[in-house]
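Examination of the molecular architecture
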Amino acid sequence: MNKVPDLSTPPTAEQRPHSYTRHGVTIDDPWAWLRDENYPDVQDEDVLAYLKAENEYFEAATAPHKALTDQLFEEMKGRIKEDDSSVPIKDGDWLYWWEFKTGTQYRDWYRKPAAGGDGALIYSENAEAEGKEYYRLGAFADSPDGKLLATLVDDDGSERFKLVVRDLATGQDSAAVSKVGIGNPVWTNDSKGLVFTEVNDQWRSYRAQYHRIGDDPAKAVTLYEEKDDIAFSVGAARSTDDSLIFISTGNNSSNEVRFVPANDPTSPLTLITPRRPDIQYEADAAHGKLWILTNDRHVNFRVATADPAPPGEWAELIAGSDRTYLRGITSHRDHLLITSRVDGLDQLQLRDYASGSQERVPFDEASYSASFAGNPEYAPGSYRLGYSSMVTPQTVYDYHPADKRLEVRKVQEIPSGYDPSLYAPERLTVAARDGASVPVSVLRRRDFAKDGSGKLFVYGYGAYGFAMPPSFSTSRLSLVDRGFAFPIAHIRGGDDLGYQWFLDGKLKKRTNTFNDFVDVTRGLIAAGYAKEGRVAAQGGSAGGELMGAIVNQAGELYGAVVADVPFVDVLNTMLDDTLPLTPGEWTEWGNPIEDEDAFHLIRSYSPYDNVAAKPYPPMLITGGLTDPRVTYWEPAKWTARLRATKTDDNLLLMKMNMGAGHGGKSGRWNALYEVAEAYSFIITQLGE
């Protein structure tokens, strides 16, 4: 029998003297040794021993509740249709779709002639994943003539993808075009070449390459390489009308875009307009024009047009608006598709080129999430879109503009059953301490009493301008059915209420994000949703940083906190420009190397640097050994410092995935089981 670790003596990481001085301040970091000097090849025996000990402690601590975890997993699995499939998407002469088979972890991909005929399997993720601990299909791009398929695959969680080309007639794969690809490969019009992007040793997407099918991959032609700014990342895309290939380079706040004819990719690139600080733009092409979305004149963006020569002269088409946040445009033959958000609510509109009239795709619910999705063709007869709300399962529609009709193509099936009438969605606002009104989307059962007797599970992110949509989740029903209300806090740092909402949660205003989350929690407690200490919280990555900040600021509010792959060693990471993401992140957090004020601000909130000798709530922390986004030592160091510093006996667990990266385990059931583990932790810590 295996020896079970003693839960009364959790693992401890040795403290080894280490310090550094910046801007006249000396920082002690006795757990700096947990960063293996040979990363990403982690072989340090002391580091691995500590991570192993933490994983063994996690297994031992959660073993008594495995029955609950298994029950939650089976509940959540029962709400997922095992033999599921997507609605076919027409792309040229073919219809493409994916299928899940009963019992499988991954998708299989099929196609059939659009004119009629039998379907055929063209790519099996399950076969490709056989024998691998981790597998992720990052891109799937068919050639214009339908004869070839380009795929990008990551099999260790490092997000360095292997690019190969498959002959769909023979099923044979080419030699690897790249072993460090990323993003989406783009086909040339003649189907004889691919434009793709690669990462360097620091995991920065730094160049766009052109590979001609059949040539030695070593002979790939560099179309563009970013040399001016190590913070910029390079990407490639194809215009909707198939006339141009766009090559962009940028960071989180500014960028520039070049283009080349899609039938002549090695011709000289044309720059649309040079990069400027804090100015962003994106472009599409149709009817011989460029259609441009930019924030050059208004924080909520505007739409302009330009002739490809000269592309730097823009004519305004849609002015910026304080109320309407323009988020995306796609130029199809008959309509310019516009994605926007008004008062935090998604809007999908079709604009007629000739008249300039716009029609909004109608939705009935007061709060929902909607987006255009799956429209690869330039001149479709209808437009595919996705929709859901806190109570409405994922729904696929085709919108027919000729008769202004929404056609339901698929509604997410919940095999174990689902009665939406049992649940009450709410949209409310909570006043933050500085007077800002923070939106909150809540899902609860209708019999949930707002008398303080219930429990709360608050979720948030709050960074990079990523909104948390009020969309549907089958997993969260397992908490809501157990007496939880499930609020999503639309805190600053996301762009839920417009681009300014994002700006108000970054750089010098970063602490607004943390304050908003704490204030939302307090507001919900005051409104009777739960009592102090009967609140759980969860966030991942930058949302994990959020979790670290809130337990430092107001840990007494929470009875359980889950921090997934948490970005908590903020100061050290932002001081290290050799790390993969650091230079590109300075526009989000600040550059503490050169900016003393940024140094002091980051030091004031960095979760790792602000762990104090005080009680902390029960916490579950996760990480991934191969994670290139939040390196494994961030959750490891944070856990070690918490163990050595906090004054309570509350349970502190760290689970380090030794064969996975930022997204946790791959495979739909493996990933779902990790959700069940988190929910089991929350339920057992909050109790009945």
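Once a new chain begins, its residue numbering starts again from 1 and follows that chain's sequence as written. Local features are withheld for residues below a pLDDT of 70 in this predicted model, meaning they are given only at 70 or higher, and side-chain atom pairs are given and counted only at 80 or more; totals for whole chains, interfaces and linings count all residues. Working from all heavy atoms in the structure, the side-chain values ignore hydrogens and water.

Looking at the pattern of salt bridges
To keep it simple, the criterion reads: By definition here, a salt bridge exists when the distance from a side-chain nitrogen of Lys or Arg to a carboxyl oxygen of Asp or Glu is within 4 Å. Here's how the labels work: a residue is buried when its accessible area is under 20% of the maximum for its type, exposed when over 50%, partly exposed in between, all with a 1.4 Å probe on protein chains only. Secondary structure elements follow DSSP: runs of H or I no shorter than four residues count as helices, runs of E no shorter than two count as strands, and numbering proceeds from the N terminus.
Under the counting rule described, the total for this entry stands at 48 salt bridges. Among the ionic pairs, Arg16 bridges to Glu14, the shortest N-O distance being 3.4 Å. Overall, the relative accessible area of 26% leaves Arg16 in the partly exposed class. A salt bridge links Glu316 to Arg297, with the shortest nitrogen-to-oxygen separation between them at 3.8 Å. Here Arg297 lies in the loop between strand E19 (289–294) and strand E20 (302–306) and Glu316 lies in strand E21 (residues 315–318), a separation of 19 residues in the sequence. One network of salt bridges, with partners in common, ties together Glu226, Glu256, Arg258 and Arg275.

Some remarks on the side chain of Lys455
Counted only if it meets this: Counted as a polar contact is a pair of N or O atoms within 3.5 Å, where, for protein atoms, one must be capable of donating a hydrogen and the other of accepting one, and residues adjacent in sequence contribute only when both atoms are in side chains.
Along the polypeptide, Lys455 turns up in strand E32 (residues 455–459). Of the residues examined, Lys455 reaches a relative accessible area of 6% and is grouped as buried. Polar contacts involving the side chain of Lys455 include one to the main-chain carbonyl oxygen of Arg482, which spans 3.4 Å.

A few points about the packing of aromatic side chains
The test is simple: Aromatic rings from Phe, Tyr and Trp, taking only the six-membered ring of Trp, are treated as a pair when their centres fall within 6.5 Å; an angle between ring planes under 30 degrees marks them as stacked, one over 60 as edge-to-face, and anything in between as tilted. Working rule: Lys NZ or Arg CZ, within 6 Å of ring centre, within 35 degrees of ring normal, means a charge sits over the ring.
Per the counting criterion, the structure on display carries 32 aromatic pairs. Measuring from centroid to centroid gives 5.2 Å for Tyr499 and Phe502, while their planes differ by 75°, and the two rings are edge-to-face. Separated by three residues within a single helix, Tyr499 and Phe502 lie in helix H5 (residues 499–503), roughly one turn from each other. Across the pair, exposure class does not vary: Tyr499 and Phe502 are buried alike. Feature note: the residues Tyr461, Tyr464, Phe466, Phe567 and Trp589 constitute an aromatic cluster, connected by ring pairs. Above the face of the Phe486 ring, Arg476 is positioned so that its terminal group lies 4.5 Å from the ring centre. Geometry around Tyr608 places Arg641 over its ring, the cationic atom sitting 4.2 Å from the centre.

So, the nonpolar core
Stated formally: Buried Ala, Val, Leu, Ile, Met, Phe, Trp, Tyr and Cys residues that are joined via side-chain atoms within 4.5 Å together make up what is termed a nonpolar core. Whether two residues are in contact is decided by their heavy atoms: any pair within 4.5 Å suffices.
The biggest cluster of nonpolar side chains holds 110 residues, and the ones touching the most others in it are Phe517 and Trp638. What Phe517 contacts, discounting residues up to four positions off in sequence, is Val458, Tyr459, Gly460, Ala489, Ile491, Ala537, Leu546, Met547, Ile550 and Tyr558.

Side note on helix H11 (residues 633–645)
Where we set the bar: In this scheme, a helix's expected span is set at 1.5 Å multiplied by one less than its residue total.
Between its terminal C-alpha atoms H11 stretches 18 Å, which fits the 18 Å expected from 13 residues at 1.5 Å a residue. H11 sits mainly inside the fold: eleven of its 13 residues count as buried. Among the residues making up H11, those that are buried are Trp633, Glu634, Pro635, Ala636, Lys637, Trp638, Thr639, Ala640, Arg641, Leu642 and Arg643.

Let's talk about the sheet that holds E32
Rules: Whether two strands pair comes down to DSSP finding at least two bridges between them. All axes here are fitted lines through C-alpha atoms, helices being fitted over the stretch that makes contact, and every angle between N-to-C directions spans 0 to 180 degrees.
Ordered by their spatial adjacency, eight strands build an open sheet running E30-E31-E33-E32-E34-E35-E36-E37, and the pairing between neighbours is mixed. The two strands at the open ends of the sheet, each matched to only one other strand, are strand E30 (423–431) and strand E37 (652–657). This sheet shows a mean twist of 15° between the axes of neighbouring strands, independent of strand direction. The pairing of strand E36 (residues 619–624) with E37 spans six bridges and is classified as parallel. Residue Leu620 lies in a different strand from E37, and its bridge partner there is Leu653. Packed on one face of the sheet, helix H1 (residues 45–62) meets E36 and E37 and runs near 120° to E37. Against the sheet, helix H12 (residues 668–686) engages E32, strand E33 (484–489), strand E34 (535–540), strand E35 (560–564), E36 and E37, with an angle of about 160° to E35.

Describing the sheet that holds strand E6 (residues 120–124)
With antiparallel pairing, four strands are arranged side by side in an open sheet as E3-E4-E5-E6. Among the strands making up the open sheet, the edge pair consists of strand E3 (89–91) and E6. Adjacent strand axes in the sheet meet at a mean angle of 30°, parallel and antiparallel pairs treated alike. Direction of pairing for E3 relative to strand E4 (residues 94–99): antiparallel, over a ladder of three bridges. In the sheet register, Ile89 faces E4, and the bridge partner there is Tyr96.

Comments concerning a negative patch on the surface
For clarity, the threshold we go by: Patch membership requires over 30% relative accessible area and the absence of a salt bridge. Like charges are linked within 9 Å, and nonpolar side chains (Val, Leu, Ile, Met, Phe, Trp, Tyr) within 5 Å. Working definition of accessibility: Shrake-Rupley area with a 1.4 Å probe, residue cover restricted to the visible protein chains. Positive charges come from Lys and Arg alone, negative charges from Asp and Glu alone, with His and the N- and C-terminal ends not counted. A charged residue contributes its charge at one atom only: NZ of Lys, CZ of Arg, CG of Asp or CD of Glu.
Residues Glu594, Asp595, Glu596 and Asp597 make up a contiguous surface patch of negative charge. Among the secondary structure elements, Asp595 is positioned in the loop between helix H9 (582–589) and helix H10 (596–605). For Asp595, a relative accessible area of 34% gives the class partly exposed.

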